[in-house]
Amino acid sequence: MSAAKSRMRNKHMRDQPSNVTYSSGGWRNGGEGRPPGDSQPGKRQGFGNHGGGWVRGHQPGGSTYPQELPKYITSTYFAKARAAEVKAMLRAVNKTTGSCHTFGALPKHMRRRAMSHDTKRLPKRLREGAQRMLDKSLQMGKKEESKTKSRKARRRHGNLLLEFNRRQRKNVWLETHIWHAKRFHMVKKWGYCLGERPTLKCYRACYRAMSSHCLLQDLSYYCCLELQGPEDQLLSALSRLTSKDAGPTFAAVLCLSGRRQGSVVLYRADQYPSQPLGPVLFLWRPRTQGSTHRQLWIWGHPSLKQDVLSELQAVCQCTEAVVPPTVIAVPLPELKQESEEPSPVAAAPLVSTPTQAKGRKRKRAEKDPGAQSAKKILGDGTRSPTCPITWKSASTEIVINDLTMEMVRYRLIGPLSHSVLAQTLYPATDCNEEAKSGQSCFWWPEHCKQEQNMALHREQSDLFQLLKGVFSTTEIPAGTVLGLTVDDPRIFLPRHRGYAQPDLQQAIGVDEEKRRALTLQGAPEHCCQSALWERSVRDNVTDNKMSEQELNGKRREVLVPGSRLSPTPLQGRVPLLLVHQPGKQLGQEMGSWGAGWDLLMPKGWGMAFWVPLVYRGVRVAGLKMSVKHSQFKGVPHFPNDYPDCPAGARFQDEQEAELLDKFTRRPPAKRANYIKHGCLAPFRCPWQQLVEEWAEIVKEEPAERRDGGQDGTEMAAVVGPSRFSVLRSRKVLRQLSAWCQPTSSRGQRLHQRGRGGVTHQAIPPQAPLTPAAAASLRAAHGHHSLVWARFSLLSKGRPELHAMVCVPTPEDLKLLPKKHQGQDLVATTSLLEPRHKDHHRKRVREAHREERRRRKVEKLKMKGGTEVKKEEEEEKKEVIRKEVPVPDVVVLKSDPPSDQTQMIVEQPSSHPVPSLALKQEVVDAPAKTSDGDLALGPAPQGEDQKQERLVLGLWPDPLPSVTSHCSRVTLGWVTQGDFSLASGCGEALGLVSVSGLLHALLTQPPDQRGLLLLRNPSSLQYRFAKITIEA
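Everything in this summary refers to the structure shown in the same document. (Residues numbered from 1 in each chain as written. Predicted model: local features only at pLDDT ≥ 70, side-chain atom pairs only at ≥ 80, totals over all residues. Heavy atoms only, no water.)

## A few points about the packing of aromatic side chains
Definition in use: Ring geometry is summarised as follows: Phe, Tyr and Trp rings, the Trp one being its six-membered ring, pair when their centres sit within 6.5 Å, and such pairs are stacked at plane angles under 30 degrees, edge-to-face over 60 and tilted between the two. Per the convention used, a helix needs a DSSP run of H or I reaching at least four residues, while a strand needs a run of E reaching at least two, with both numbered from the N terminus. Each residue gets one of three labels from its accessible area relative to the maximum for its type: buried under 20%, exposed over 50%, partly exposed in between, using a 1.4 Å probe on protein chains only. As a reminder, the over-ring test applies to NZ of lysine and CZ of arginine, requiring each to be within 6 Å of the ring centre and within 35 degrees of the ring normal.
One pass over the structure, following the stated rule, counts 20 aromatic pairs. When the ring of Y207 is compared with that of W593, the centres are 6.1 Å apart and the planes differ by 25°; the resulting orientation is stacked. Taken together, the residues span a long stretch of sequence, with Y207 in helix α7 (residues 203–212) and W593 in the loop between β14 (573–581) and β15 (596–602) at a distance of 386 residues. Judged on exposure class, the residue Y207 and its partner W593 are both buried. Geometrically, the ring pair formed by F250 and F282 is tilted, given 4.6 Å between the ring centres and 45° between the ring planes. Of the two residues, F250 sits in the loop between α8 (231–238) and α9 (253–256) while F282 sits in strand β7 (residues 276–284), which places them 32 residues apart along the sequence. A cation sits over an aromatic face here: R409 above W299, 4.8 Å from the ring centre. Across from the ring centre of W605, 5.6 Å away, lies the NZ or CZ of K545, which sits over that ring.

## Section: the sheet that holds strand β3 (residues 192–198)
Heads up, the condition is: Two strands make a pair as long as DSSP finds a minimum of two bridges between them.
Sheet architecture is open: three strands sit in the order β1-β3-β2, paired in mixed fashion. In this open sheet, the two strands that pair with only one neighbour each are β1 (172–173) and β2 (184–189). Alignment of β2 against β3, held across six bridges, turns out to be antiparallel. The residue of β3 that forms the bridge with F184 is P198.

## A look at the sheet that holds β15
How we decide: The contact definition used throughout considers only heavy atoms, calling two residues in contact when any of these lie within 4.5 Å. Where helices are involved, their axes are fitted lines through C-alpha atoms of the stretch in contact, as for all axes, and angles between N-to-C directions lie from 0 to 180°.
Reading across from one edge, β13-β14-β15-β12-β4-β16 is the order of the six strands in this open sheet, with mixed pairing throughout. Strands with a single pairing partner mark the edges of an open sheet, and in this sheet they are β13 (481–487) and β16 (619–620). Relative to strand β12 (residues 407–413), strand β4 (residues 215–218) runs antiparallel, the two sharing four bridges. Each bridged residue has a counterpart across the sheet, and for D218 the counterpart in β12 is Y410. Each of β4, β12, β13, β14, β15 and β16 is contacted by helix α21 (residues 606–614), which is oriented at about 15° to β12, the strand it contacts most.

## Digging into the nonpolar core
Our working rule: Here the nonpolar core consists of buried residues drawn from Ala, Val, Leu, Ile, Met, Phe, Trp, Tyr and Cys, with membership extended through side-chain atoms lying within 4.5 Å.
L736 and F791 are the most contacted members of the largest nonpolar core, which totals 66 residues. Residue contributions to this core peak at six residues, all from strand β18 (residues 785–793). One finds W443, C528, V579 and W597 within the second-largest nonpolar core, a separate group that totals 61 residues.

## Overview of the side chain of D598
How we decide: Any N or O atom pair separated by 3.5 Å or less is treated as a polar contact, with the protein-specific requirement of one donor-capable and one acceptor-capable atom, and with residues adjacent in sequence counted only for side-chain atom pairs.
Looking at the secondary structure, you find D598 in strand β15. On the accessibility criterion, D598 (0% relative accessible area) is buried. A distance of 2.8 Å separates the side chain of D598 from the side chain of R409, its partner in a polar contact. Engagement of the side chain of D598 in a polar contact is seen with the side chain of R411, the distance being 2.9 Å. Apart from the residues lying within four places of it in its own chain, the contact partners of D598 are R409, Y410, R411, L577, L578, V579 and Q581.

## Quick word on the environment of C740
Along the chain, the position of C740 falls in the loop between α27 (730–739) and α28 (746–755). Measuring from C-alpha to C-alpha, the distance between C740 and L1011 comes to 8.5 Å, with 271 residues separating the pair along the chain.

## Remarks on helix α24 (residues 687–699)
What counts here: What a helix should span is 1.5 Å times the count of its residues minus one.
Look at α24: 18 Å from first C-alpha to last across 13 residues, which is about the 18 Å you get at 1.5 Å a residue. Within the span of α24, buried status applies to W687, Q689, L690, V691, E693, W694, A695 and V698.

## Points about the pairing of β4
Both faces of β4 are covered, namely the face carrying L215 and Q217 and the face carrying L216 and D218. Pairing between β4 and β16: two bridges, direction parallel. Residue pairing for β16: L216 is matched across the bridge by V620.

## Section: a nonpolar patch on the surface
Stated precisely, the cut-off is as follows: Patches here are clusters of residues that have more than 30% relative accessible area and form no salt bridge, with a 9 Å joining cutoff for like charges and a 5 Å cutoff for nonpolar side chains (Val, Leu, Ile, Met, Phe, Trp, Tyr). Areas reported as accessible are Shrake-Rupley estimates using a 1.4 Å probe. Residue values count occlusion only from the protein chains shown. For salt bridges, the criterion is a side-chain nitrogen of Lys or Arg within 4 Å of an Asp or Glu carboxyl oxygen.
The grouping of V86, M89, L90 and V93 at the surface amounts to a nonpolar patch, some 380 Å² of accessible area in total. Positionally, V86 belongs in helix α2 (residues 75–94). Residue classification places V86 among the partly exposed residues on the basis of a relative accessible area of 40%.

## A few points about helix α23 (residues 646–664)
The first and last C-alpha atoms of α23 sit 27 Å apart over 19 residues, in line with the 27 Å expected at 1.5 Å per residue. Residues of α23 that are buried include every one of A647, G648, F651, Q652, Q655, L660, F663 and T664, and no others.

## A word on empty space enclosed by the protein
The test is simple: For cavity detection a 1 Å grid was placed over the protein atoms alone, and a set of points counts as a cavity when a 1.4 Å probe fits there but cannot get out; an open set counts as a pocket when protein lies on both sides within 12 Å along at least five of seven lines, with lining residues being those that have an atom within 4 Å of a point. Grid points are joined across faces, edges and corners, and a volume is the space filled by probe spheres set on the points. Side-chain classes are defined by residue name, with Ala, Val, Leu, Ile, Met, Phe, Trp, Tyr, Cys and Pro counting as nonpolar, Asp, Glu, Lys and Arg as charged, and the others, Gly among them, as polar.
Evaluated as defined, the whole model comprises nine cavities of 30 Å³ or more. The volume enclosed by the largest cavity comes to roughly 150 Å³. If you go around the largest cavity, you meet 16 residues; those closest to its centre are L174, H180, L194, G195 and D218. When residues of the lining of the largest cavity are traced back to their parent elements, those giving at least two are α6 (177–181), β3, β4 and α22 (623–633). Per element, the largest residue contribution to the lining of the largest cavity is three residues, and it comes from β3. Within the lining of the largest cavity, the residues separate by chemical class into eight nonpolar, seven polar and one charged.

## Brief notes about the pattern of salt bridges
This structure, assessed with the given rule, holds 40 salt bridges. R573 serves as the salt-bridge partner of D487, at 3.5 Å between the closest nitrogen and oxygen. Of this pair, D487 sits in strand β13 while R573 sits in strand β14, and the two are 86 residues apart along the sequence. The class for D487 is buried, based on a relative accessible area of 1%. On the accessibility criterion, R573 (2% relative accessible area) is buried. The salt bridge involving R490 is made with E548; its shortest N-O contact spans 3.2 Å. With R490 in the loop between β13 and α17 (504–509) and E548 in helix α20 (residues 548–556), the pair connects residues that are 58 residues apart, well separated along the chain. Judged by its relative accessible area of 5%, R490 falls in the buried class. A relative accessible area of 44% places E548 in the partly exposed class. Here the salt bridges share partners, and the residues they tie into one network are K305, D380, R383 and D402.

## Focus on the pairing of strand β26 (residues 985–993)
Taken across its nine residues, β26 has nine buried, putting it largely inside the fold. Summarising the sheet, β18 and β26 pair through seven bridges and their orientation is antiparallel. By the bridge assignment for β26, A789 is matched with G990. In this sheet, β26 lies alongside strand β25 (residues 970–980) in antiparallel orientation, the contact comprising eight bridges. Bridge pairing in β26 places G972 opposite V992.

## Some details on the packing of helix α29 (residues 771–782) against helix α34 (residues 994–1003)
Which entries qualify depends on this criterion: For classification purposes, an angle smaller than 35 degrees is called roughly parallel, one larger than 145 roughly antiparallel, one from 65 to 115 roughly perpendicular, and anything else oblique.
Two elements in contact, α29 and α34, have axes separated by 10 Å at closest approach and are oriented at 175°. Taken together, the axes of α29 and α34 are roughly antiparallel relative to one another. Contacts between α29 and α34 involve P771, A774, L777, R778 and G782 from the former and V994, S995, L998, H999 and L1002 from the latter. Its residues placed into classes, the contact of α29 with α34 shows six nonpolar, three polar and one charged.

Okay, here's the thing in structure tokens:
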């Protein structure tokens, strides 16, 4: 019998009882006995060579089954033998499984679709069972109905709000989240749901908006910390976190007056220039006459909020947390008892009576009073109500408040940002005498009662009207602050989307003296005041905001459709702060590019201002365009380009894990072999190893070349184990910027001409580059320091992330012929890195083979059909050990001290194995990692034991020398790189070692100083680039 027939027979006979047997005597006499005189039943006539029992199919040899019937049957034996079969058959017929239905017992020609819900269409003998199944399914359906509602029910306003509030308990939503979710690819970062990039292809469109019109971004996820207290105590505490050597601090005169917004890099207390925290923006509230109490806002990225908050609490001694008051929800019946008893006439319509007419819909007022109300979450929905947001000091008068998500912040980038604001915002109108005379629950009528407030408001409105006559946003001084109160922008929403342009007619009527004062000095100090600084005003504006339904109802009452509401509702006045954002401030190229305005408003009004701004023709961007904006400006972007900060280190770890996961998801044949390309770390930048190796290189140089013959004991004492840091001293950066410029070229002449212009500050001449000057700078700042630089390719090419920055050899510089008439240099394409040999390829392949063999053995053991003995396993392992070739590079698993460089033992492949332990380390069964690759070495004995990971095409840890691994010495790596639409060539931003940069500049000719090489991780091609340090 074939296998298919055997499986079919087993399927049919699966319900047969176990006590039924088929004897060799066939089916006669109930399976018992044989005909008289037949001693060999297997050779009887008509049965051939087959044994007893029934056999399906045609029998070979031409034999046929007997046609005659038995002559007699013993009823007792026959019934006894077939009783078990009949019982099994009845049980199988009457048994109903989960997938069986009652009408399945009917023939196919009698089945109807209506039988599933109408049991009367079935025969009477099946109706009872069908009704039981129908009742059971209805009960199951009722349970599921409470869990999943219909789409129409889920899309109701109240149910949508409840669902949105539930989803905001884990990640914070911005007020524009729904708008972004329909048009952007959303990501979850730093505890927020943010728009990463639009679904449309708008990369070039966003650049055009930044360059010629306006680009809009929602920066409400930035965290705000408020400090209140005496001015001298605040400055004394904050001075420990900053240094004047790195630029203006919190005590800058213009910033301290409240007329300018400042930016500064914070450090741990008294730890400058090491242990930085990150960059922040700060804004002082203008002084109040006769008071020394000041108010300060510090805005920072959410990834550094906890670090900054803990450091501020330490320096301000604000360790006492103020527990927020708990809001007790009073039940509705208690409220009715406390209030006046309503009359029976007024209460009658709210009660549902039995005499209510049939078919009449129940009103919403008749809902269950204990039902949950759908109220939109404003602010941080993940924060617990008992979580403290205020800290005060017992020894000082300083108070720290956490205002995260208490305000909305929008950023408008582009030369016409002021035109967009001028067409969107309208200064608030004055209240009538009736509103001023009475008592109002809104803040604006109470604010209008004081004449000095209205005089300030009129002056701010006149100053805001001057923006209409300004041609470009770059004409406004950097960091200018302007306070303003405006009407609800939804009232002036246009019917169609337009395109904001400067109003030239408005510029004609503007006073030229006032406009010149605005563009040269900014807003006066008293005009920087705003009611947005008051918490009570912010809460009042948020709580009394008019809903869209109420606003549409008032629009319907207007006599002329589409006309403006008159008078403006009292709750439609919003206090704002307009903060100018400076563009590119350093360097001589693209001055003030990327400037714009920041718009600050109370929470709850995000969409009320967002939609009118979009209707003025702005282009909306996400997180990716923020990185591109920083790249075009040539400034570092936080946290991507701050590897010495805690947030930057965390970002690099996350980025490495993401890139490695993306790399390992590809098949091995489709991956780039970075070992052959000479790239040690394609997914991360080992900055610490780079600075340590350059410190050793400089230390081993001859004294004459290193410090010009001076004593090197000071340098030797400085060199030691230290954490790397990024150089931010303005004085040293200006010195390095001057040294990176060639001494005789057209570019240097243009550089000096730009420095001497009116638009740049007068910078004193810098000292020439000599070995002694480089040694003194290196001894003071450069042993474990990195410097931020910009690289511009001299020819074609597109720098990529983590591209290597290398020093060209003298032979490479000879390949740079000068063009005629003193034009720029042109790079050749003959600079190639020799292809490296992959010493780890065999190890990875053998590890994968051993893993497959181990899986095969385990699979055989689990099946149980084939027992593998221990002796055979040992023999197989011994054969595998003999077949594995000795690798050229063996990585030792010893743990050297942290201050020493981890070494690599290189051995030729023809040498014998020095020890069995070393060989055993290579061959032991690898452990499987989470992404499918193998970790070298046996299973870990403890949590602190590390495994060496083997991935095809990647170097395992520890890495060899990063500086001398390639044919050109490595200086640093690129953190941002792409083709720049702003400069029209490939540009990169990255960090290089200060010691390595000084070493390279000293060895280059004066007319070719500042030329380096860039090479992408997946390429062997070197390309010339010009380094620029903007300070």
